[in-house]
Amino acid sequence: GPTFAVDIAALEPVGFTLATMGKKDFEKITNAVKDGVKFEHSHDILGIEMAGSLKNAYAIGSGILSGFNYGHSIRCLYITAVLNEMRNIFKQVGAEEKTVLTLAGVGDLVLTCTSLNSRNFTFGSLFSLDNKKTKDEYLKNNTVEGYDNLKTYINIFKDKKIDAPILFMIYDIVINNADSEKLIDLILK
């Protein structure tokens, strides 16, 4: 990313971070694609993979915040806190911290955390309704990658003692029905 499939299908200008071990594979892929696409290369396969899945879980948190009907400032504060947390996670797992600044890092995170086209963001916004049936129906009828990513990462991070307080808070809200206002308190610390 940062791209939505609908934008690719519409042949709109888009950009990607491609992680490959060597430049030859990167060049093969980029040479096969038509104009209108920006590519950046990374050797950090682990970091790019994690950025692509973590952003889905974090977008749920951004959706939760949108449900409070605050302005855009709180989401920008949230995204900044998340970028710092992702950088810290990457450091803890041996990925490159600078990966957070790629199109797959900050670019995809901002797209997913701010767009109504994001199913993860939309799912998070349902938490302001405090209606379990609505959330369950949304999960049943839509692919919400962040929901499964969240559960997977929390299990891994607990086991490996990875520090990720925002992600753990989102988990507590989504899975354990914790008060969603605790997310605001956490990012204001």
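Higher on the page you've got the structure.
Residues numbered from 1 in each chain as written. Predicted model: local features only at pLDDT ≥ 70, side-chain atom pairs only at ≥ 80, totals over all residues. Heavy atoms only, no water.

A. Fine view of the overall build of the protein. From N to C terminus, the protein includes 10 helices and two strands. In terms of principal-axis extent, the alpha carbons of the protein reach across some 50 × 40 × 30 Å. For the protein, the residues scored as buried account for 45% of the 189 residues in total. Put simply, 62% of the contacts in the protein that link residues at least 6 apart link residues at least 24 apart. With an accessible surface of roughly 10200 Å², the protein has 52% of that area assigned to carbon and sulfur atoms. Between the mean site of the 21 positive side-chain charges and the mean site of the 23 negative ones, the protein shows a separation of 2 Å. (Helix = DSSP H or I, 4+ residues; strand = E, 2+ residues; numbered from the N terminus. Buried < 20%, exposed > 50% of the residue type's maximum accessible area, 1.4 Å probe, protein only. Contact = heavy atoms within 4.5 Å. Areas by Shrake-Rupley, 256 points an atom, 1.4 Å probe, with all protein chains shown as cover. Lys, Arg positive; Asp, Glu negative; His and termini not counted. Charge placed at Lys NZ, Arg CZ, Asp CG, Glu CD.)

B. Main features of the side chain of threonine 122. As for its position among the elements, threonine 122 is in helix α6 (residues 119-125). At a separation of 3.3 Å, a polar atom in the side chain of threonine 122 contacts the main-chain carbonyl oxygen of leucine 116. Once residues lying within four places of it in the same chain are set aside, the contact partners of threonine 122 are Leu116 and Tyr138. (Polar contact = N/O pair within 3.5 Å; in protein donor to acceptor, adjacent residues only side chain to side chain.)

C. Inspection of the packing of aromatic side chains at higher detail. Scanning the entire structure with this criterion turns up six aromatic pairs. Ring plane angle 90 degrees and centroid distance 5.3 Å describe the contact between phenylalanine 123 and phenylalanine 127, whose orientation is recorded as edge-to-face. For the pair phenylalanine 123 and phenylalanine 127, one class covers both residues: buried. Relative to tyrosine 147, the ring of phenylalanine 123 lies with its centre 5.9 Å away and its plane at 85 degrees, an arrangement referred to as edge-to-face. You can see phenylalanine 123 sitting in helix α6 and its partner tyrosine 147 sitting in helix α8 (residues 145-160), a full 24 residues away along the chain. Each member of the aromatic cluster is reached from another via a ring pair, and the members are Phe123, Phe127, Tyr138 and Tyr147. (Phe/Tyr/Trp six-rings, centres within 6.5 Å; stacked < 30°, edge-to-face > 60°.)

D. Structural view of the pattern of salt bridges. Scanning the model with the defined rule gives four salt bridges in all. Residue glutamate 97 is joined to arginine 87 by a salt bridge in which the shortest nitrogen-to-oxygen separation is 3.6 Å. Of this pair, glutamate 97 sits in the loop between α4 (72-93) and α5 (103-114) while arginine 87 sits in helix α4, and the two are 10 residues apart along the sequence. Here arginine 87 falls in the partly exposed class, since its relative accessible area comes to 37%. (Salt bridge = Lys/Arg side-chain N within 4 Å of Asp/Glu carboxyl O.)

E. α8, seen in detail. Along its 16 residues, α8 runs 22 Å from first to last C-alpha, staying within 8% of the 22 Å computed at 1.5 Å per residue. When we look at burial in α8, the residues that qualify are Gly146, Asn149, Leu150, Tyr153, Ile154 and Phe157. When α8 is viewed along its axis, its buried side chains cluster within an angular range of 130 degrees and face the same direction. When the buried face of α8 is taken as reference, the exposed residues oriented beyond 90 degrees from it are Asn155 and Asp159. Taken together, the buried residues of α8 touch α3 (45-66), α4, α6 and α9 (165-174). Looking one or two residues past α8, lysine 161 carries a phi angle of roughly 55 degrees, positive in sign. (Expected span 1.5 Å × (residues − 1). Arc of directions from axis to C-beta.)

F. Up close: the state of the cysteines. Here the structure, examined in full by the defined rule, presents zero disulfides. Cysteine 76 carries a free sulfur, and the closest cysteine sulfur to it, the one in cysteine 113, is 10 Å from it. (Disulfide = S-S within 2.5 Å.)

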